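Here's the letter readout for the chains.
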Amino acid sequence: MASQEQLSAIKGAKVLMVGAGGIGCELLKTLALSGFQDIHIIDMDTIEVSNLNRQFLFRQSHVGQSKAKVARDAVLRVRPNISITPYHANVKESRFNVDFFKEFDVVLNGLDNLDARRHVNRLCLAADVPLVESGTTGFLGQVTVHLKGKTECYECQPKPAPKTYPVCTITSTPSKFVHCIVWAKDLLFAKLFGDKNLENDLNVRSNDAANSSEHSEDVFEYRKDEDIEQYGRRIYDHVFGHNIELALSNEETWKNRNKPRPIYSKDVLPEKLSEQNGNMEKGCVTDDVSAMVSLGLKNPQDVWSLGENSRVFLEALRLFFLKREKEIGNLTFDKDDQLAVEFVTAAANIRASSFGIPLHSLFEAKGIAGNIVHAVATTNAIIAGLIVIEAIKVLIKDSNNYRMTYCLEHPSRKMLLMPVEPYEPNKSCYVCSETPLSLEVNTHRSKLRDFVEKIVKAKLGMNFPLIMLGASILYEVGEDLEEDMVAIYAANLEKALSELPSPVTSGTVLTVEDLQQEFSCNINIKHREEFDEEKEPDGMLLSGWVEPPVDKDKDKPIGNGESTSNAVPAEESLEAKKDVTIQEISEVTAIATGTKRKLSEVSKGTTPDHSGLSDGTRNHNQLEKLDVDDEDDELMISDDWESLTKKKRL
């Protein structure tokens, strides 16, 4: 039973919830049933069919409607006398500024991406409002408490860095199924159905002038004088046959690798597919735009043979051109697009077969391509309850009993919930401790745009940056800027750093601010001539903003991480001549003993152990945050998908 002090604090509290998804639905229900009277919810998403299995406030009839508004209506039917204010909006909108956050006694996060989490963290710091952060993935979850000056902020500890695969691995020497998925999704699908103007490494042409003219032109161009099956076979033969043969011609590459085998359509398919499978013609008239339906394939958990994958590949391509031709040129991969998932699964499996990589089912391929780690409703409910417990402690200022709590899949010391005292602020944190950063950059070659996109936005998470050198403003974003200033700042973006009106050279100190977040940091500039294109693809190196160490065992995940919708963000991006970034997730988290970590231990940044949950013998400074995402099952691509789909025994 709650004490009178707790009941009084609950009834008088004004609470802000950010996120109304898997955790958010449970959290809103728990807040209402616990006696909270004034709750505000921000969520920009609408309800999807895939939400309904665990976001219990929503029904089939709600699909397409605002999550925040539907959640409010559902809870008010149970608790009609409380106040719930929904905002169908992005928490990064300008109206949700520091003054807005100051209206609340506590902020409760149920977000699904790093970018929004960092944004809310900074607003809470600026407004001096306590933040209770949370996340779940499968059976794992966590709740953490962040109070300015008393505990570490959300950004005090580095978040797991995305694993990077060089483009040459994806295009030439794949060794894992995830490589094939990235190739099929970000290269082949984008080339066939996306923006034709984007550079793409797929259209490999031979340097041999004696080769046929077929390979001296864009083979991906659909010719009006050929039928769709001919076009599909031409694409098939080019990417799975010709390009593989071309790769084999470089004998040096295969000295210490298993050679792939070229695959041509004539080797695995009959001359006329319609003669073998009558269902294909039915696919022309069915309302289901699905290659599986057309071909009579019913179970998405079956692993298709090479022949079946080849038929799905051609049928999916045919259906795109027959039934979705108007969308071609503007399509991007969507995990909820059945036809897109079928095409990517088939293409990845054919490529995997060529390189001797085990084939995967559509269910598994969708999980990898769509960054899916399946959510567990019970975990969300547990985490929501823990959030409310910590929120009540915050409201009555019971700081001695604040806890970071980890929800485990398997008992450790006979416990499934592991409470840990909050960590103290990290004195090296550039967000809450205002520690200066250092940037090595070629000031003669790198443009201001590179600095803004790769550092200010991608790494520092600023949305409305202001960049100053002394009293001179080099760049600013804002709705109230005059047109002539907008033009000046746009022109500055295209100038090298050393060529700006106020030149940025070695020894220069830049001040970067985000006025919405009321966050500022200083960056010391150091000129550097050369960078390793593979290890330092950004062409600049930021110090003080620390990424975690990468596990030397490439087959092991490096830790729990977030989708960076910004951020990475949780979508992988692939540009020509750049590396492919893939988020990975660990299945386990180390356990703390429950003691407070010293600041000296915070700054050392020990490498976490991912071998499994201990029996209580691990040192407390080995605890690794389970910083994970809730919402639509979307987390990050795993490089070790099989280990995530099998229950791990200790």
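Computed from a prediction, not measured in an experiment: that's the story for all the values here.

A. Looking closely at the pattern of salt bridges. Here the structure, examined in full by the defined rule, presents 24 salt bridges. Between lysine 459 and aspartate 538 there is a salt bridge, with the nearest N and O atoms lying 2.8 Å from each other. Linking lysine 459 in the loop between α17 (448-457) and β11 (465-469) with aspartate 538 in the loop between β14 (519-527) and β15 (540-543), this pair joins segments that are 79 residues apart in sequence. The class for aspartate 538 is partly exposed, based on a relative accessible area of 25%. Several salt bridges converge on common partners, so that one network encompasses Arg324, Glu327 and Asp337.

B. Molecular detail of the sheet that holds strand β6 (residues 140-146). Spatial strand order, β3-β2-β1-β4-β5-β6-β8-β9: eight strands in an open sheet with mixed pairing. Taken across any chain shown, the strands that pair with only one partner, and hence form the sheet edges, are β3 (83-87) and β9 (415-420). The sheet shows a mean angle of 20 degrees between the axes of neighbouring strands, direction not considered. Here β6 runs beside strand β8 (residues 404-412); their pairing, made up of three bridges, is antiparallel. Bridge pairing links glutamine 142 to tyrosine 406 in β8. Taken strand by strand, helix α5 (residues 114-127) contacts β1 (14-18), β4 (106-109) and β5 (131-137), and its axis lies near 165 degrees from that of β5. The strands touched by helix α16 (residues 377-395) within the sheet are β4, β5, β6, β8 and β9, with β6 carrying the most contacts at an inclination of about 15 degrees.

C. Expanded view of the nonpolar core. The biggest cluster of nonpolar side chains holds 58 residues, and the ones touching the most others in it are Phe193, Phe313 and Phe343. Residue assignment for this core shows that the elements contributing at least two residues are α7 (177-193), α8 (228-248), α12 (291-295), α13 (306-323), α14 (338-354) and α15 (362-369). No other element matches the twelve residues that α7 contributes to this core.

D. Region of the structure containing the pairing of β8. Within β8, eight of the nine residues are buried, which leaves it mostly tucked inside the rest of the structure. When β8 meets β9, the two strands line up antiparallel, connected through five bridges. Its bridge partner being in β9, tyrosine 406 is matched across the sheet by methionine 418. What sits between the antiparallel neighbours β8 and β9 is a turn of two residues, in which arginine 413 has the positive phi angle 55 degrees.

E. Main features of the packing of α7 against α13. The geometry of α7 relative to α13 is characterised by a closest axis approach of 12 Å and an angle of 35 degrees between their N-to-C directions. Note that α7 runs across α13; the crossing there is right-handed. Of α13, the residues touching α7 (which contributes Leu188, Phe189, Leu192 and Phe193) are Phe313, Leu317, Phe320 and Phe321. Looking at the contact of α7 with α13 residue by residue, the class counts come to eight nonpolar, no polar and no charged.

F. Structural detail: α14. Over its 17 residues, α14 runs 25 Å from end to end, which matches the ideal 24 Å to within 8%, given 1.5 Å per residue. A large share of α14 lies buried, amounting to 16 of its 17 residues. For α14, the side-chain oxygen to backbone nitrogen distance between the N-cap and leucine 339 is 3.2 Å, and the N-cap itself is aspartate 337. Where α14 ends, the next residue or the one after it, glycine 356, has phi of about 70 degrees, a positive value.

G. Representation of unusual backbone geometry within the structure. Notably, aspartate 128 is not glycine yet its phi reads approximately 55 degrees, a positive angle. Following the sequence through the fold, aspartate 128 ends up in the loop between α5 and β5. Aspartate 128 sits in the exposed class, given a relative accessible area of 53%. Phi is positive for lysine 414, which is not a glycine, with a value near 65 degrees. In this structure, lysine 414 sits in the loop between β8 and β9.

Conventions adopted
Residues numbered from 1 in each chain as written. Predicted model: local features only at pLDDT ≥ 70, side-chain atom pairs only at ≥ 80, totals over all residues. Heavy atoms only, no water. Salt bridge = Lys/Arg side-chain N within 4 Å of Asp/Glu carboxyl O. Helix = DSSP H or I, 4+ residues; strand = E, 2+ residues; numbered from the N terminus. Buried < 20%, exposed > 50% of the residue type's maximum accessible area, 1.4 Å probe, protein only. Pairing = 2+ DSSP bridges. Axes fitted to C-alpha atoms, helices over the stretch in contact; angles between N-to-C directions. Contact = heavy atoms within 4.5 Å. Core = buried A, V, L, I, M, F, W, Y, C linked by side-chain atoms within 4.5 Å. Left-handed = near helix turned anticlockwise from the far one by under 90°. Nonpolar A, V, L, I, M, F, W, Y, C, P; charged D, E, K, R; others polar. Expected span 1.5 Å × (residues − 1). Polar contact = N/O pair within 3.5 Å; in protein donor to acceptor, adjacent residues only side chain to side chain.

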